[in-house]
Amino acid sequence: MQEELILRNISKNYAGVQALKNVSIRFRAGEVHALIGENGAGKSTLIKVISGVVQPTEGEIEIFGETVRDMTPLKAIHKGIAVVHQEMIQFEGMTVADNVCMEESVQKEGLINREAIYRRTRELLGQFETNINPSDLVGSLSMANRQIVEIAKALNLNARVVIFDEPTASITVQEQKDLFKLIKNLKAKGITVLYISHRLEELAEICDRVSVMRDGEYRGTMEMAQTSVAQMINLMVGRELGNLYIEKQPYEPEVVLRAEHLSGNGVKNVSFELHRGEILGFAGLVGAGRTELMHVIYGAARMESGKLYLYGKETQIRDPADAIRKGIGMIPEDRKSQGVFLDKPIAWNITLASMKKFRHFLFVDRKKEREEAEKYQKSLRIKAASLESNPSTLSGGNQQKVVLAKTLSADPDIIIFDEPTRGVDVGARNEIYQLMVDLTQQGKSILMVSSDMSELIGMSENIVVLHEGELTGKLSKEEFRQNRILELASGIE
């Protein structure tokens, strides 16, 4: 089979840190090729090299028989390489047609030919099972439909290699099925698909081969039909992980948080109880109101009606600072915009929520502050060149650990984990699960929002299910069934 993309001896150094070491991989025409590895393994850097965002220190790329040593983003586009990013770069206030045909040169007397770009966008969207209109604003679309817009944009640029970076991280089970149809459609057209995902269980359904990276090095390529999840994990992490989900002791009967008929921020009449040492899961489809509910509890959104009780006493939480004072911490879903300050040092981020521990009147004990940051860097195994580095230099999993460290440094009794392992590799997921269990063993309680069904079932002791802002069911461990959770999440009685 013809090889359309060949990487030869690619290395990349960043200020003394070697992100890639002599990586050589061959990608065939018309195949779906998975690229996996722990956070920090070098996957993102490799994709940036392929797409021309960064220049390799050594090595070369061969694309369609032509050797390229000075790839740039514009050159990559012209060579037929497109990237569908996990955090898509789109103009939300513009139409689908404007986004798809951003590079289009269809003009009439020096002006953009609106009729031509709408017609072209309609042709591209017609290849997919979708009801998207060229005139729709991108900001009004679901995450899955926004991915379709990105694919249409790639096809408009005549892409022959399409790279998907964590495409299923923010979509529902049904949307995942639709995405897989789209990818199979691309494959049928002879387009090469590079597929990056931390959800190893989904690879067998969509991928032909899988290449593994670890510590910036290429570790091998396997035929998907001849490998297993256990083999992939072993090659990725270099160690046996055993059971991904950690068994824990039963929670205590004491109710630490009780919500009664809570409404606000799009949520209506939701009631539940959280016990000491419990992991309480929240299930629902995208837009069900799970994150919105957490924002009400955390004081980031206004509670319109209902009551909230902490340790049996009714309380009002005015804002997130008030929540932290009352022992409630939150690890948000969107770590980059809500969890960390990307342009501030890692140490500063870690101690931000617990600064009162180091402040004496107008002075800050920098030594104690530094010791606190070093303690969490060590205990959470945050991989960084220095605590003075910015989180923007870290992998997704290590950014998540910085958010964890910041929240834990404030020593909350109740912790909200909103999508705790989104974009996190299997090794880091195992560490986060172990941390969650350890926290409950210390008497802390956890509210966990997750779109990962296996994570919900594997980690929760009870599950609250929401649909369109309303509670549709509460399930105990004995009642956990994937079909039942999906029925409740879809509003089926």
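Here the structure is a predicted model, which is why all the values come from computation and not from measurement.

Student: Please give an account of the environment of Glu166 that cites residues and values.
Tutor: For Glu166, the position within the fold is in the loop between strand E9 (161-165) and helix H6 (173-188). Since its relative accessible area comes to 7%, Glu166 is described here as buried. Note: C-alpha distance between Glu166 and Arg422 (256 residues apart in sequence) is 9.1 Å.

Student: Before we move on, can you summarise the sheet that holds strand E12 (residues 217-223) with the specific residues and values?
Tutor: Taken in spatial order, the six strands of this open sheet run E6-E9-E10-E3-E11-E12, and their pairing is mixed. The sheet is open, and its two edges are formed by strand E6 (81-84) and E12, each paired on a single side. Across the sheet, the mean angle separating the axes of adjacent strands is 20 degrees when strand polarity is ignored.

Student: I'd like to hear about the pairing of strand E18 (residues 328-331), residue by residue, with values.
Tutor: Going residue by residue along E18, you find Ile328 and Met330 tucked away on one face and Gly329 and Ile331 tucked away on the opposite face as well. Note that E18 and strand E21 (residues 414-418) share four bridges and pair parallel. In the sheet register, Met330 faces E21, and the bridge partner there is Ile416.

Student: Tell me what's going on with the packing of aromatic side chains, and back it up with residues and numbers.
Tutor: As enumerated under the stated definition, the model contains two aromatic pairs in all. Pairing Phe180 with Tyr195 gives two aromatic rings, centres 6.4 Å apart and planes at 65 degrees, and the pair type is edge-to-face. Of this pair, Phe180 sits in helix H6 while Tyr195 sits in strand E10 (residues 192-196), and the two are 15 residues apart along the sequence. A residue is classified by how much of its surface remains accessible, and Phe180, at 2% relative accessible area, is buried. Geometrically, the ring pair formed by Phe272 and Phe282 is edge-to-face, given 5.2 Å between the ring centres and 80 degrees between the ring planes. One end of the pair, Phe272, is in strand E14 (residues 267-275); the other, Phe282, is in strand E15 (residues 279-283), and 10 residues separate them in sequence. Arg160 extends its terminal NZ or CZ atom over the ring of Phe64, reaching a point 3.6 Å from the ring centre. The ring of Tyr309 has Arg258 sitting right over it, with the charged end atom 4.2 Å from the ring centre.

Student: Which residues make up the nonpolar core, and what values go with them?
Tutor: By size, the foremost hydrophobic cluster in this structure holds 45 residues, and its most contacted members are Ile151, Phe164, Tyr195 and Leu203. Counting residues per element, this core draws most heavily on helix H5 (residues 143-156), at six residues. Ignoring sequence-local partners within four residues, the contact set of Phe164 consists of Val84, Ile151, Leu179, Ile183, Leu186, Val193, Leu194, Tyr195 and Ile196. Grouped together as the second largest cluster of nonpolar side chains are 41 residues, Leu394, Val402, Val403 and Leu488 included.

Reading the values: the criteria
- Residues numbered from 1 in each chain as written.
- Predicted model: local features only at pLDDT ≥ 70, side-chain atom pairs only at ≥ 80, totals over all residues.
- Heavy atoms only, no water.
- Helix = DSSP H or I, 4+ residues; strand = E, 2+ residues; numbered from the N terminus.
- Buried < 20%, exposed > 50% of the residue type's maximum accessible area, 1.4 Å probe, protein only.
- Pairing = 2+ DSSP bridges.
- Axes fitted to C-alpha atoms, helices over the stretch in contact; angles between N-to-C directions.
- Phe/Tyr/Trp six-rings, centres within 6.5 Å; stacked < 30°, edge-to-face > 60°.
- Lys NZ or Arg CZ within 6 Å of the ring centre and 35° of its normal.
- Core = buried A, V, L, I, M, F, W, Y, C linked by side-chain atoms within 4.5 Å.
- Contact = heavy atoms within 4.5 Å.

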